[in-house]
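# Fold and geometry: a report
Residue strings, one per chain:
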Amino acid sequence: MALISCCFDSGFELPELFDTFVQKCTDPGCCCGCCSALRPRYKRLVDNIFPVNPEDGLVKSNMEKLTFYSLSSPDKLDRIGEYLYQKASKDINRKRYRFVEIAMEAMDILLQACHAQTTLNLFVESFLRMVQKLLEDSNPTLQILATNSFVKFANINEDTPSYHRRYDFFISKFSSMCHGNNDNTELRDNIRLAGIKGLQGVIRKTVSDDLVENIWEKQHMEKIVPSLLFNMQSGDLTPVEDATQVTPPALAEEVLRELVGRASFGHIRSVLKPLLTHLDRHELWVPNTFAIHTFRIVMISIQPQYSYTVVETLMQHLDNNFKSSPKTRTSLAVVLSKIIAIAAGESVGPSALDIINNLLTHLKTSVGTTTEITPEESQYQEALINALGEFANHHPDYQKIEIMLFIMNTVPDLTKKSKGDQMLQNILLKSLLKVGTQYNTVSFEKAFPASFLQPLLKMARAPHDPTRIIVMKIFQALLDRHQNEKVLSTVSVKPYAALSQEPPSRSDIIFTHKYGANIMQALIDSLALSDKVDSLTSSYNTAALLLVEMACGETVQEFLLFILGIQQVAVIAEDLSDLHKCCLHAIAIALLTLAARVTGITNLLEYAQKIIEARKEDAGHFLPSIMEPNNKPSTTKFNLNLPHLSIDKIALAECLQNAGMDFNRLQSGVPYTLNQKDNPSHRHSWVESVSNQMTQRNSSTDLTTYNGDNDSISSSPGKALAPEYTVDAMKRYLAEPSEAMKKEMQEKQKQIVRAFRESNFEELMKRTEPKHDVLQNRLNDLFSSLALDNKATQNVNNNNNQDKPIYETYFPELFYY
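Sequence positions are assigned chain by chain, starting from 1 and proceeding in written order. Totals for whole chains, interfaces and linings use every residue, but because this is a predicted model, local features are given only for residues with pLDDT of at least 70 and side-chain atom pairs only at 80 or more, for both listing and counting. To obtain the side-chain values, all non-hydrogen atoms of the structure were used and water was disregarded.

- The protein chain is annotated in an unreviewed UniProt entry as Protein EFR3 homolog cmp44E from Glossina palpalis gambiensis.
- UniProt positions are given in the numbering used here, feature names are shortened, and annotations may be inferred rather than shown by experiment. What UniProt records for the protein chain under Sequence similarities (unreviewed entry) is the sentence "Belongs to the EFR3 family."

### Some thoughts on the overall build of the protein chain
- Each helix is a run of H or I in the DSSP string that is no shorter than four residues. Each strand is a run of E no shorter than two, and both are numbered from the N terminus. A tally of helices and strands in the protein chain yields 36 helices and zero strands.
- By the burial criterion, 48% of the 817 residues in the protein chain qualify as buried.
- Contact definition: two residues touch when any of their heavy atoms are within 4.5 Å. Taking the contacts inside the protein chain whose residues are at least 6 apart along the sequence as the reference set, 72% of them involve residues at least 24 apart.
- Areas reported here follow the Shrake-Rupley algorithm with a probe of radius 1.4 Å; residue values treat only the protein chains shown as occluding. Accessible surface for the protein chain amounts to roughly 40,600 Å². Of this, 51% is attributable to carbon and sulfur atoms. Three exposure classes are used, based on accessible area relative to the maximum for each residue type with a 1.4 Å probe and protein chains only: buried under 20%, partly exposed in between, and exposed over 50%.

### Structural notes on the packing of aromatic side chains
- Here is the rule: rings of Phe, Tyr and Trp (six-membered ring for Trp) pair when centre to centre is within 6.5 Å. Planes less than 30 degrees apart are stacked, more than 60 are edge-to-face, and the remainder are tilted. Under the defined criterion, the tally for this structure stands at 17 aromatic pairs.
- Aromatic pair tyrosine 42 and tyrosine 83: ring centres 6.4 Å apart, planes at 90°, arrangement edge-to-face. You can see tyrosine 42 sitting in helix α2 (residues 41–48) and its partner tyrosine 83 sitting in helix α4 (residues 77–93), a full 41 residues away along the chain.
- Residue tyrosine 42 is classed as buried on the basis of its relative accessible area of 12%.
- Classification of tyrosine 83 as buried rests on a relative accessible area of 10%.
- Aromatic pair tyrosine 167 and phenylalanine 170: ring centres 6.2 Å apart, planes at 55°, arrangement tilted.
- Charges are assigned to positions over rings by a cutoff of 6 Å between ring centre and Lys NZ or Arg CZ, combined with an angular limit of 35 degrees from the ring normal. Residue placement shows lysine 87 over the ring face of phenylalanine 50; its charged tip is 4.9 Å from the ring centre.
- In this structure, lysine 205 packs its charged tip against the face of phenylalanine 153, placed 4.4 Å from the ring centre.

### Remarks on α4
- By this rule the span expected of a helix is its residue count minus one, scaled by 1.5 Å. When the terminal C-alpha atoms of α4 are compared, their 24 Å separation across 17 residues agrees well with the 24 Å that a helix rising 1.5 Å per residue should span.
- Buried residues of α4: Leu77, Ile80, Gly81, Tyr83, Leu84, Tyr85, Lys87, Ala88, Ser89, Asp91 and Ile92, and no others.
- Following α4 by one or two positions, lysine 95 has its phi on the positive side, about 60°.

### Some points on the environment of alanine 194
- Considering the arrangement of structural elements, one finds alanine 194 in helix α9 (residues 185–207).
- Measuring from C-alpha to C-alpha, the distance between alanine 194 and threonine 147 comes to 6.0 Å, with 47 residues separating the pair along the chain.
- Alanine 194 has contacts with Ile144, Thr147, Phe174 and Met177, leaving out every residue within four places of it along the chain.

### Notes on the packing of α2 against α4
- Axis geometry follows a simple rule: fit a line to the C-alpha atoms, using only the stretch in contact for helices, then measure angles between N-to-C directions, giving values from 0 to 180 degrees. Look at α2 against α4: their axes get within 10 Å of each other, and the N-to-C directions meet at 45°. Relative to α4, the element α2 lies oblique. Both α2 and α4 take part in a crossing whose hand is right-handed. Only Arg79, Ile80, Tyr83, Leu84 and Lys87 of α4 make contact with α2, whose side of the interface consists of Tyr42, Lys43, Val46 and Asp47.
- In this classification, Asp, Glu, Lys and Arg are treated as charged, Ala, Val, Leu, Ile, Met, Phe, Trp, Tyr, Cys and Pro as nonpolar, and every other residue, Gly included, as polar. When the residues that make up the contact of α2 with α4 are grouped by side-chain class, the tally is five nonpolar, no polar and four charged. Any angle that falls under 35 degrees is termed roughly parallel, while one over 145 is termed roughly antiparallel, one within 65 to 115 roughly perpendicular, and all others oblique. Less than a right angle of anticlockwise turn of the near helix away from the far helix marks a crossing as left-handed, whereas a clockwise turn marks it as right-handed.

### Focus on helix α28 (residues 649–658)
- Taken as a whole, α28 has its buried residues at Ala651, Leu652, Ala653, Cys655 and Leu656.
- Packed against the buried residues of α28 are α25 (556–572), α26 (578–599), α27 (602–618) and α29 (664–668).
- N-cap assignment for α28: the residue whose side-chain oxygen lies 3.4 Å from the backbone N of isoleucine 650 is aspartate 648.
- Phi turns positive, to about 75°, at glycine 660, one or two residues after α28. Two N or O atoms count as a polar contact when they lie within 3.5 Å, although within protein this holds only if one can serve as hydrogen donor and the other as acceptor, and sequence-adjacent residues are included solely when both atoms are side-chain atoms.

### Thoughts on the nonpolar core
- Throughout this description, the term nonpolar core refers to a set of buried Ala, Val, Leu, Ile, Met, Phe, Trp, Tyr and Cys residues connected via side-chain atoms within 4.5 Å. Core analysis: the biggest nonpolar cluster contains 218 residues, and Phe295, Phe448, Phe475, Leu592 and Ile647 have the highest contact counts within it.
- In terms of residue count, α26 provides more of this core than any other element does, 14 residues in total.
- When residues no more than four places from it in sequence are discounted, the contact partners of phenylalanine 295 are Leu275, Leu276, Leu279, Trp285, Val310, Leu314, Val335 and Ile339.

### Digging into unusual backbone geometry
- That bond from valine 286 to proline 287 is cis: its omega, -5°, falls within 30 degrees of zero.
- Here proline 287 is to be found in the loop between α12 (268–281) and α13 (289–301).
- With phi around 55°, glutamate 283 is a residue other than glycine that occupies positive phi space.
- Checked against the element boundaries, glutamate 283 lands in the loop between α12 and α13.
- Phi is positive for glutamine 483, which is not a glycine, with a value near 55°.
- When you line up the elements, glutamine 483 lands in the loop between α22 (465–479) and α23 (506–527).
- Classification of glutamine 483 by relative accessible area gives exposed; the value is 62%.

### With respect to the side chain of threonine 512
- Counting through the fold element by element, threonine 512 comes out in helix α23.
- By relative accessible area, threonine 512 is classed as buried at 2%.
- In this structure the side chain of threonine 512 is engaged in a polar contact, spanning 2.7 Å, whose partner is the backbone oxygen of aspartate 508.
- In this view, threonine 512 contacts Ala517, Met550, Thr555 and Phe559; residues no more than four positions away in its chain are not counted.

### A word on the side chain of arginine 481
- By the secondary structure assignment, arginine 481 is in the loop between α22 and α23.
- Judged by relative accessible area, arginine 481 falls into the buried class, the value being 19%.
- At 2.8 Å, the side chain of arginine 481 and the backbone oxygen of valine 442 are in polar contact.
- A polar side-chain atom of arginine 481 sits 2.9 Å from a polar atom in the side chain of aspartate 508.
- When sequence neighbours within four positions are dropped, the list of residues in contact with arginine 481 reads Thr441, Val442, Ser443, Phe444, Asp508 and Glu549.

### Focus: the environment of valine 131
- Mapped onto the secondary structure, valine 131 falls in helix α6 (residues 120–136).
- When the C-alpha positions of valine 131 and serine 149 are compared, they lie 7.4 Å apart, and in sequence the two are 18 residues distant.
- Apart from residues no more than four positions distant in its own chain, valine 131 is found in contact with Met104, Ala146, Phe150 and Phe170.

### Overview of the pattern of salt bridges
- The term salt bridge refers to a side-chain nitrogen of Lys or Arg lying within 4 Å of a carboxyl oxygen of Asp or Glu. Considering all chains together, one arrives at 25 salt bridges under this definition.
- Residue aspartate 47 pairs with lysine 87 through a salt bridge whose shortest N-O separation is 3.5 Å. Of this pair, aspartate 47 sits in helix α2 while lysine 87 is found in helix α4, placing the two residues 40 residues apart along the sequence. Lysine 87 carries the same exposure label as aspartate 47, and that label is buried.
- A salt bridge links arginine 461 to aspartate 525; its shortest N-O distance comes to 2.5 Å. Remark: aspartate 525 occurs in helix α23 and arginine 461 occurs in the loop between α21 (450–460) and α22; sequence separation between them is 64 residues.

This is the structure:
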């Protein structure tokens, strides 16, 4: 063995000889050692980290020397990086991949050790060129190695800004790696994982640095987002039990969460547009399992204040797909319904109503573009309605009322009777019902504001049966505070099992006196419109819920007048069929029995039971059994002239009197009739109260059990008016009152005193509201004017022209003759 070796003795060819000469001549045993002094120190240090045998790996001791030299001479970093890049490039060209790996390892060590140096930017350029060189090679091992190095670089926080760095190549290359399709499954997954990690590194490196290229631009997002979705859709959506093994789908989902979470308001759409395009191109809407999963990830990861943008973008995409198949639109609507609840918490005010308006617009478009609703189109509409309900469910109750009022204002006018308008009415009312079922009613005054109640009552009189039934369901959803709707769904005179109730509050009683009669009038009109059992049962259910929730000693008279009104329609109305009249009689007796049980008035219940027993013997068609589906009495001739089996108003008043309750309202009032006007904001004057048999009765005159007419009567000169308003009655009124009249006046005075003693302060304030001050002032002015006129007449002689009396000019309705 020669004691002295020479670098020319190894048998290399000439090109290889010069390449290896530098490394070999640094060996102390080499005779050419004098050549090493001619090379820069940094090159000698770099050469020394490479072993003679590549399998031995990086020379650690020499690497430490190179690292120390780099830290002490940071101005040499860029030259070290460039030299390492040149050596790695030559090794790649000659397929000497082990030396390439050593060079890349050295690059990583230097990068980690010197990341705080101000001159690191120059070294990074060489580092990125080297990573790019490895990624361009077809060797998967080098690609994975380069990706891992790039990820380490991406996790370094640089203190100095970079003005000229670009990542276009890396985004394209990592995206292509995400779509790797190698035949070897394990190698394919490793390449895809490397591509996803590379994209994650690019995202982390760019979103935190405003000086680098904007990654949110369209050309970049159109590569990143589809690459992530491609890997997500190739995996199982169910959670994996072994979470230690990272798979491409799981990592892609993690990166998508990070990408969406880092997006600002202006960048959200940049992510959503390629996402929607990918779902369209690959037809991933039907079935929509993957779409729902993806959008849930987006909604959970996005900053809460920007979640409304996702819903808005998805709605715009639904607009763009209005010509697509119903299945695609249905899937889109279902996805919307699944995520819209997440955005509801951040949508308030105009944004909430804007979403509602968009959903209603889609419903109107669906109805307007189809002549006949197909099952697929019906599913699409149901999906939109569910989305609307889910959105409203996550809003406070006061906003739900605003949403219901907004929907009600979009319902077409009832005068439009075309098939399309009726379909649109039903669809919009179903939307309203969906919101109503989400509303938690506490106070009826808040659940039924006048601006919402009036159009709803108008819709309750719609001639179209399905429309009326939906309106009744809306009433039931808002009235049913104790879950009695299913219990009261059948018309019956038997005791209802599991009926839940509690006494109405003071505000509910006031609401009943103010608006209850309006609702009852609408129910009577609804009952008279159709003899179909489902329509009648729906109206009965609403009336029964109204009775259970609002009936008490102070309001029972109103409900008894309502029941008498239903019976009166069955007796008087000539255009109703015999079956229809029988059903109305059955509903009246069922409501009477329910009112007696709810209020606990034993006398009233006994009276109802007597009527029921009598009808069982002589008129079974007046009982609820006629409304059962199994009965088919359409061809039977019914005997309707049975006044002795009808509910008697006087008998009801006696029941209340025997129970020690006030009965004046029932005795003097008139049962509700058909087609009465609703005007709850108007209160009648005493003139209208006196002439209530000559004019239409307003439903909101009686705010308490104490009638406001008594105030006017007791305050006016003279005596109480007789119940008949004929000429003879007025003459008797002018004469001396009888003993019976005096007793009646005394009884009324006792009732007034008792009312003022037992009532609370708020009720007293309402009862003592001035109702006749204006009238009294007018009368004083009238009498003063008459006195002046009499004096003037005495001073003027032979004056035959008598002017019209002033009291006939101002108060013609007060005088009957």
